[in-house]
Amino acid sequence: VYGVHEKVMSGGERETTNNRMELLAAIEGLSALREVCEVTVYSDSKYLVDAYTQGWVENWHRLGWKKSDGALKNRELWQRLFELTEKHTVSFVWVKGHNGHDYNERCDKLACAFADSFD
């Protein structure tokens, strides 16, 4: 959402995980921006939000995209997201899922509809 403008996107992959889809949603949203922006990403994914608000991403980057205890899952997605967040001013806000947040509920319906389309 930007002013009165709104763009809705949805998608998915077969044989994937919720964490990968949460990362891809942020990647695709930031990739759709046509100019440098100040962005707030709202997500019900603690995995995504905590990685930024707790400084994990910066640490993984510093360690060569590894965790201190070994391999980093979804490394290629974290790297892509990191590159996009370096282009923009991005803040991440966690919202409780299935708790009446209008956009979160809308995103959940879009995700479920897309997942159901694979059946």
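Here, the structure is the one placed above.
Residues numbered from 1 in each chain as written. Predicted model: local features only at pLDDT ≥ 70, side-chain atom pairs only at ≥ 80, totals over all residues. Heavy atoms only, no water.

## Structural notes on the overall build of the chain
Across its full length, the chain carries five helices and four strands. When the elements of the chain are put in sequence order from the N terminus, they spell out α-β-α-α-β-β-α-β-α. The C-alpha radius of gyration of the chain comes to 15 Å, within 12% of the 14 Å expected for a compact globule of 119 residues. For the chain, the C-alpha atoms occupy an extent of roughly 35 × 35 × 25 Å along the three principal directions. A separation threshold of at least 6 residues defines the contact pool for the chain, and within that pool the share at least 24 residues apart is 66%. On the chain, roughly 8,300 Å² of surface is accessible, and the fraction owed to carbon and sulfur atoms is 49%. In the chain, 15 side chains carry a positive charge and 19 a negative one; their mean positions are 4 Å apart. (Helix = DSSP H or I, 4+ residues; strand = E, 2+ residues; numbered from the N terminus. Rg over C-alpha atoms; globule rule 2.2 N^0.38 Å. Contact = heavy atoms within 4.5 Å. Areas by Shrake-Rupley, 256 points an atom, 1.4 Å probe, with all protein chains shown as cover. Lys, Arg positive; Asp, Glu negative; His and termini not counted. Charge placed at Lys NZ, Arg CZ, Asp CG, Glu CD.)

## Quick look at the pairing of strand β1 (residues 38–43)
Judged by which residues are buried, β1 turns out to be one-sided: V39, V41 and S43 face inward and are buried, whereas E38, T40 and Y42, on the alternate face, are not. With six bridges joining them, β1 and strand β4 (residues 89–94) adopt parallel strand pairing. The residue bridging V41 from the neighbouring strand is F92, located in β4. (Buried < 20%, exposed > 50% of the residue type's maximum accessible area, 1.4 Å probe, protein only. Pairing = 2+ DSSP bridges.)

## Thoughts on the pattern of salt bridges
For the structure on display, the rule yields five salt bridges. The salt bridge involving R106 is made with E6; its shortest N-O contact spans 3.0 Å. Note that R106 is positioned in helix α5 (residues 102–116) and E6 in the segment before α1 (18–31), a separation of 100 residues in sequence. The salt bridge involving D69 is made with K67; its shortest N-O contact spans 4.0 Å. (Salt bridge = Lys/Arg side-chain N within 4 Å of Asp/Glu carboxyl O.)

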